[in-house]
Every structure is written in structure tokens, then in C-alpha cells.
Amino acid sequence: MSSHPIAQLQQVLDEAVTLGIFPSAQAVVLHRGVQVFGGVAGPVTGDTRFDLASLTKVLSTTALFLRLWTEGKVGPETPVARFFPGSPVGDAGATVADLLYHRSGLPPFVPFFAEALTSTPELLDPACPSATRARVRDEVLQAAARTPLAAPWRTRTAYSDVGFILLGEILARVGGAPLDILFSRHVAGPLGLGARYHRLTDFPTDGLVAPTGATRPREPAPGQETMWGQLPSRPAVLGEVDDDNAWVMDGVSGHAGLFGTAVDVARFGQAILAGCAGDAAIAPGPLWFRALATDPLLPGSTRSMGFDSPSEALSSAGHFIGDTPPGAVGHLGFTGTSLWVDLRRSLVVALVTNRVAHGRKEVRIRDFRPVFHDLVVDSLGLDDLTPKAHG
């Protein structure tokens, strides 16, 4: 094993598995485009795909928005009402930018899957016809469009899965293909990513997937215990998306659904840095800079277009990442995944775990993430932006 202090990251990952914080993990750290750490912990390999959960919002949805913006097919000021006329969010005047900045007024979460499983329990059958899954997917989109606003438009930042469900459909329509096809064509292909959606009607059979929940539907997350009643259920199938709303959408949505490795996540993080430096594989530099800037309309927001940035309080990024202008961008995923990109340090940290396999009430990942990210920065000698010599 290397004597470099960053080798401590492997020990930290292994200890977290031993403590039961998560069953398995992969982590990749890139500095100035060079991989300085890559590790796995638990019963997985570097090729095991993890459910990336809400990292889908940046790797797929935000990246596709940037690509289609570059092509002139959509833009920040494109009105939601063009695609969902008569919807509360459309009638309020919301734009694509409002969905990206999470300021549309839509609520964070609605259990659309509860109605879907009640009306169509045959969804639980792995042999459910593709036509049935397609019909239910359309019904979920219609229900998302009918969702009442939880707050007035552009008055506050409120992270919203519902907004990204609608945004994913908008991009599919302007892109002229399903979201999973667009992702493969415009993001995974150009960037050399192995990440993909696990569409239920085109299900992968290789089994190289880290497990998440034990049942379908999943147990409620903390705070969701009273949001739906008793539903038909069955044991989980390995490789099906953890998020129940994405699941009833045939595994393909703008808010969740991607599976991939830490290498995939890190390569995307490096693509952000490359885009800012002029690489137009996804979008030209000026569009990246506009997308990564924090919301200009709501002072104090940590949100940019699709991405988040470290808050003034201790965030998952730790004490150092993003502490110097131009800061950092990143995102978290409910299953225990994260990406942080420090724009000043040219540092990318991808951490993917399946912490939900221990139950959705296992939330010690919240304490683990900042410790892990601080160790990354410190072990590279970047805590004061001046490299330190290591013996």
C-alpha cells in the first residue's frame, strides 16, 4: 500500500463498512485530472454499479439540458406551460430555469407510486407488459403536472423531485427521444461513461449491482411514515431503481434512475472542470459558467442550475471543499452517493455507497461524508491551497 496519506481513505471506507454505516462503497478522487485515489469496500468490485439516486439530476438531467441548450432546443427561459398547459406550475409562469434552481414552488416529494400501485398492482409482476408500464408512466407525469404549488413561485428555494420529473419529460420532448436514450447519446457516449438507466422493460441481467432495499415498494424514509397507506408489495429485485416514483416510471426519470460506478461519477465531475476550461463535449464554457453560478434571483440560495454548493453551515463537502472562490458544485443521492467538484483546487471527489441497504433510517452517512471529504483535502495538502511535502 502507498505510504501517501491519501491511502488512509481506504482504511476509512473499510471502517465505515465494519461500523455498518453502509454495506459497500466505491470512491474515486481526481486532482488536476489525475486519479490520486480509487478504492472499494465491502463485497463489491470497481465494476459494480450503484444506484446513483439524485445524482441523476446532474449527470443526466442537467447535462442534457446543457447539451440541448447548446443546440438551441431549450433554454433557461423556456416556459413550463409550453409542455404542460393548464398545470399549476405552468400557470404560475415557471420556466425551465425555475425547475433547475428549485424555485418553482413545487413540493419536494409526492408519492405518485402509491396511486399507481393501488390502481395497477400488476406493476409488481416482473412480466408486466411494457404497454402497461408506459401507460402508468404517462399517468405519473400527468399527476406531477397537476401537483399544486407548495409555495409561491420564485419566493424560496425548495428542493423538488417533482420539478425534475417534469424537467426530464420536457427534455425528452425537445430532444425527440426517451430520456435514457438521450443520456446514452449525448452524455454517456461523449464522456465515456458506463452509467445507464435500468429500464424495467429492458432490464440488465449481468447482476453487477449493489443491493439497496429489500421490498417493493420501499419502506418510508424518515418523515414519510404517514404519507401513504398499505400497498401491495413483493420482495425487491436486484438492480431495480430504489426510488419508487422512478420505478413506476419504468425506471427512467429526470430525478432518479441512473446506475453507475464511482469512476463514472468522477469522470462526469472532471467533465465539469473541462467544460469550464473550454471543452465543449457537453456545452461550451460560457454556458457552463452560467449554469454553475448560484441563483441570481434568490439571495442566499446554494442552488445553481441543477447543482448545489456547500452551505455556510457544515455541509457534506466538509470544511475545505468550496471554501475559496469560485467555490464548488456537487450533489447528493439518497442511496448514499455524492459528487463534489472544487473549482479552485481542480479536485473531484466521487463517493458512492448503498447505505439504504441497511434501512432508510440508517443516516450516519451524513456524519461520514464531511469527515471523508476533509480527509481528502488534508491528505493532498490542499487545506490551505498550498501543497505540502510528504515524506
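Residues numbered from 1 in each chain as written. Predicted model: local features only at pLDDT ≥ 70, side-chain atom pairs only at ≥ 80, totals over all residues. Heavy atoms only, no water.

Turning next to the packing of aromatic side chains. The full count for this structure, using the stated rule, is six aromatic pairs. Relative to Trp 228, the ring of Phe 113 has its centre 4.8 Å away and its plane inclined at 80°; by these criteria the two rings are edge-to-face. Note that Phe 113 is positioned in helix H5 (residues 112–119) and Trp 228 in the loop between strand E5 (215–216) and strand E6 (234–235), a separation of 115 residues in sequence. Residues Phe 113 and Trp 228 agree in their burial class; the two are buried. One aromatic cluster is present, formed by Phe 22, Phe 368 and Phe 372 through successive ring pairs. Positioned above the aromatic ring of Trp 247, the side-chain terminus of Arg 133 is 5.8 Å from the ring centre. Against the face of Phe 84 rests Arg 173, its NZ or CZ located 4.8 Å from the ring centre. (Phe/Tyr/Trp six-rings, centres within 6.5 Å; stacked < 30°, edge-to-face > 60°. Helix = DSSP H or I, 4+ residues; strand = E, 2+ residues; numbered from the N terminus. Buried < 20%, exposed > 50% of the residue type's maximum accessible area, 1.4 Å probe, protein only. Lys NZ or Arg CZ within 6 Å of the ring centre and 35° of its normal.)

Before going further, it helps to examine the nonpolar core. Counting residues in each nonpolar core, the largest one holds 94 residues, and the members touching the most others are Phe 65, Leu 66, Phe 183 and Phe 268. The residues contacting Phe 183, other than those within four sequence positions of it, are Leu 59, Ser 60, Leu 64, Ala 188, Leu 193, Ala 195, Arg 196, Tyr 197 and Leu 258. Formed by 27 residues, the second largest nonpolar core is a distinct cluster that contains Ala 16, Ala 41, Val 349 and Leu 380. (Core = buried A, V, L, I, M, F, W, Y, C linked by side-chain atoms within 4.5 Å. Contact = heavy atoms within 4.5 Å.)

Taken in spatial order, the three strands of this open sheet run E3-E7-E4, and their pairing is antiparallel. Looking at which strands have only one partner, the edges of the open sheet turn out to be strand E3 (50–51) and strand E4 (196–197). Here E4 runs beside strand E7 (residues 258–260); their pairing, made up of two bridges, is antiparallel. In the strand pairing of E7, Arg 196 is matched with Phe 259. (Pairing = 2+ DSSP bridges.)

Quick look at the packing of helix H2 (residues 56–70) against helix H8 (residues 179–191) now. One way to put it is that H2 packs onto H8 with a least axis distance of 10 Å and a crossing angle of 65°. Viewed along their axes, H2 and H8 adopt a mutual orientation that is roughly perpendicular. Along this stretch, H2 crosses H8, giving a crossing that reads as left-handed. Contacts between H2 and H8 pair Leu 59, Ser 60, Ala 63, Leu 64 and Arg 67 from the former with Leu 179, Leu 182, Phe 183, His 186 and Val 187 from the latter. Counted by class, the contact of H2 with H8 contains seven nonpolar, two polar and one charged residues. (Axes fitted to C-alpha atoms, helices over the stretch in contact; angles between N-to-C directions. Parallel < 35°, antiparallel > 145°, perpendicular 65-115°, else oblique. Left-handed = near helix turned anticlockwise from the far one by under 90°. Nonpolar A, V, L, I, M, F, W, Y, C, P; charged D, E, K, R; others polar.)

With that settled, consider the pattern of salt bridges. Tallying each qualifying case throughout the model produces 21 salt bridges. For the salt bridge of Glu 71 with Lys 73, the shortest nitrogen-to-oxygen distance reads 3.3 Å. In this structure Glu 71 comes out as partly exposed when scored by relative accessible area, which is 33%. Lys 73 gets classed as partly exposed once you look at its relative accessible area, which sits at 41%. For Arg 218, the salt bridge is made with Asp 242, and the minimal N-O distance between the two is 2.7 Å. With Arg 218 in the loop between E5 and E6 and Asp 242 in the loop between E6 and helix H9 (244–248), this residue pair connects regions lying 24 residues apart in the sequence. Residue classification places Arg 218 among the buried residues on the basis of a relative accessible area of 4%. According to the relative accessible area criterion, Asp 242 is buried, its value standing at 3%. Here the residues in one salt-bridge network are Asp 98, Arg 103, Arg 154 and Asp 295, joined through shared partners. (Salt bridge = Lys/Arg side-chain N within 4 Å of Asp/Glu carboxyl O.)

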